[in-house]
Amino acid sequence: MKLLRKNGLRATALGALAVSGALVLTACGSDNNSGEQSDSSSKPAAASSIACDGAKGQLRASGSSAQKNAQDVWAKDYMAACSGVEINYKASSSGEGIVAFNAGTVAFAGSDSPLKPEEVAESKKVCTGGQGIDLPMVGGPIAVGYHVEGVDSLVLDAPTIAKIFNSKIKNWNDAAIAKLNPDAKLPNKPIQAFHRSDESGTTQNLGKYLAATAKSDWTYEPEKKWPAPGGQAASGSSSVAQQVKQVDGSIGYFELSYATSQQINTVKVDTGASAPVEATAENASKAIAAAKVVGTGKDLSLSLDYTTKADGAYPLVLVTYEIVCDKGNKAETLDTVKSYLNYTAGDEGQKKLTAAGYAPIPAEINAKVRETIAGLS
């Protein structure tokens, strides 16, 4: 495992505030986000604002790379407050995180999509007397990032995005792109579209959006594995972002934090609202606010409205979950799991999200998350 020392948002004054116990997040995933941002909200929270409540030792977790930058910020704050606790979040993919959780090798998993019925059934082997449940913890926009020299602003709609990613639109000066961008100087240059090579909830959420809004152009079932022909593959959100950053004529999809930290231009989406909508945390929050809880029992999985045309609502969003046992959590990590998740779901943890390029979970849903965490056993 490698200690990632400078990931995520860092305040300019962080060095003066840090103490020897304020370790950054330990992670052994390769999904590094090398960009840096400065914001006072990223400094470690005061110890008194975080209830450690018997937390101790090492807490291992893995999964979604979409929430990696949030985990970086959260873990830094939490470990600064709770001496002797080490949070190890391996940023890989949602699929790998669920596999690790159901194998009993991590205390919780991060996933950009809820557990499938067969995954819930499998979880009962490690959740003694209980099962895995989904706790929505992080929201945010899936940015469609692009790199086209001379084009600093780009508008696309869902059918055009679908045709680009399934290789039906192959050139940047295609008539469909030009119609949406009459003032742009679009080059006669091939499009190089990048997608995830690993199973990813980000891919699945992009698929859900396109299946809902571009049905005739995107005919694939929304799955974690990339379904369309053509394009180029890269593992993890950071690798897709790195390719887009480096390759002129490229386009890809990843969480907004990767675009922000690497200064990658992002597409404004024409939803049919009064104006195209930019990928921002605030605009994503407007879309996520309409989410409905569809999980049963203690499961809090959500249904999102990808077809919204509300002004300022960015529809290409995801909600990423923490997957835990409702009952049957390991005794040696239960207190730490509850303490850490209480912080991430609490006011202090959720306030960190906007500065990191994410959207906080709506208050009504978040209240249910906190109540569920309190009852974990």
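Above this text is the structure in question.
These remarks concern the structure in this document.

This next bit is on the pairing of strand β4 (residues 85-91). Of all seven residues in β4, five are buried, a share of seventy percent or more. Inspection of the sheet shows strand β3 (residues 57-63) paired to β4 by seven bridges, in the parallel sense. Within β4, the position partnered with Ala61 by the bridge is Tyr89. With respect to chirality, the unit in which β3 leads through helix α2 (residues 68-81) into the neighbouring parallel β4 is right-handed.

Before going further, it helps to spend a moment on the packing of helix α11 (residues 331-345) against helix α12 (residues 347-355). Across the interface, α11 lies against α12 with an axial gap of 4 Å and an inter-helix angle of 55°. In terms of axis orientation, α11 runs oblique to α12. Facing Tyr343, Thr344 and Ala345 of α11, the residues of α12 in contact are Asp347, Glu348, Gly349, Gln350 and Lys352.

With that out of the way, let us pick up the pattern of salt bridges. Per the stated rule, a full pass over the model turns up eight salt bridges. With its nearest N and O atoms 3.3 Å apart, the salt bridge here joins Lys116 to Glu223. Taken together, the residues span a long stretch of sequence, with Lys116 in the loop between β5 (108-111) and α4 (117-123) and Glu223 in the loop between α7 (201-213) and β9 (232-234) at a distance of 107 residues. Take Lys116: its relative accessible area is 29%, and that puts it in the partly exposed class. Given a relative accessible area of 36%, Glu223 falls into the partly exposed group. In this structure, Lys163 and Asp217 form a salt bridge, with 4.0 Å as the shortest nitrogen-oxygen distance.

Bringing the state of the cysteines into the picture now. For the structure shown, the criterion picks out two disulfides. At a sulfur-sulfur separation of 2.1 Å, the disulfide partner of Cys52 is Cys82. Its torsion about the S-S bond being -95°, the disulfide of Cys52 and Cys82 is classed as left-handed. You can see Cys52 sitting in the loop between β2 (26-27) and β3 and its partner Cys82 sitting in the loop between α2 and β4, a full 30 residues away along the chain. For Cys52, a relative accessible area of 22% gives the class partly exposed. The partner cysteine of Cys127 in its disulfide is Cys325, sulfur to sulfur 2.0 Å. Taking the sign of the S-S torsion, about -70° here, the bridge from Cys127 to Cys325 comes out left-handed. Placement of Cys127 in the loop between α4 and β6 (132-147) and of Cys325 in strand β15 (residues 317-325) is noted, with a sequence separation of 198 residues between them. Assessed through its relative accessible area of 0%, Cys127 is described here as buried. Residue classification places Cys325 among the buried positions, given a relative accessible area of 5%. Described in terms of the sequence order of its bonded cysteines, the disulfide pattern of the chain is 1-2, 3-4.

How each quantity is defined
Residues numbered from 1 in each chain as written. Predicted model: local features only at pLDDT ≥ 70, side-chain atom pairs only at ≥ 80, totals over all residues. Heavy atoms only, no water. Buried < 20%, exposed > 50% of the residue type's maximum accessible area, 1.4 Å probe, protein only. Helix = DSSP H or I, 4+ residues; strand = E, 2+ residues; numbered from the N terminus. Pairing = 2+ DSSP bridges. Right-handed = clockwise from strand over helix to strand, strands pointing away. Axes fitted to C-alpha atoms, helices over the stretch in contact; angles between N-to-C directions. Parallel < 35°, antiparallel > 145°, perpendicular 65-115°, else oblique. Contact = heavy atoms within 4.5 Å. Salt bridge = Lys/Arg side-chain N within 4 Å of Asp/Glu carboxyl O. Disulfide = S-S within 2.5 Å.

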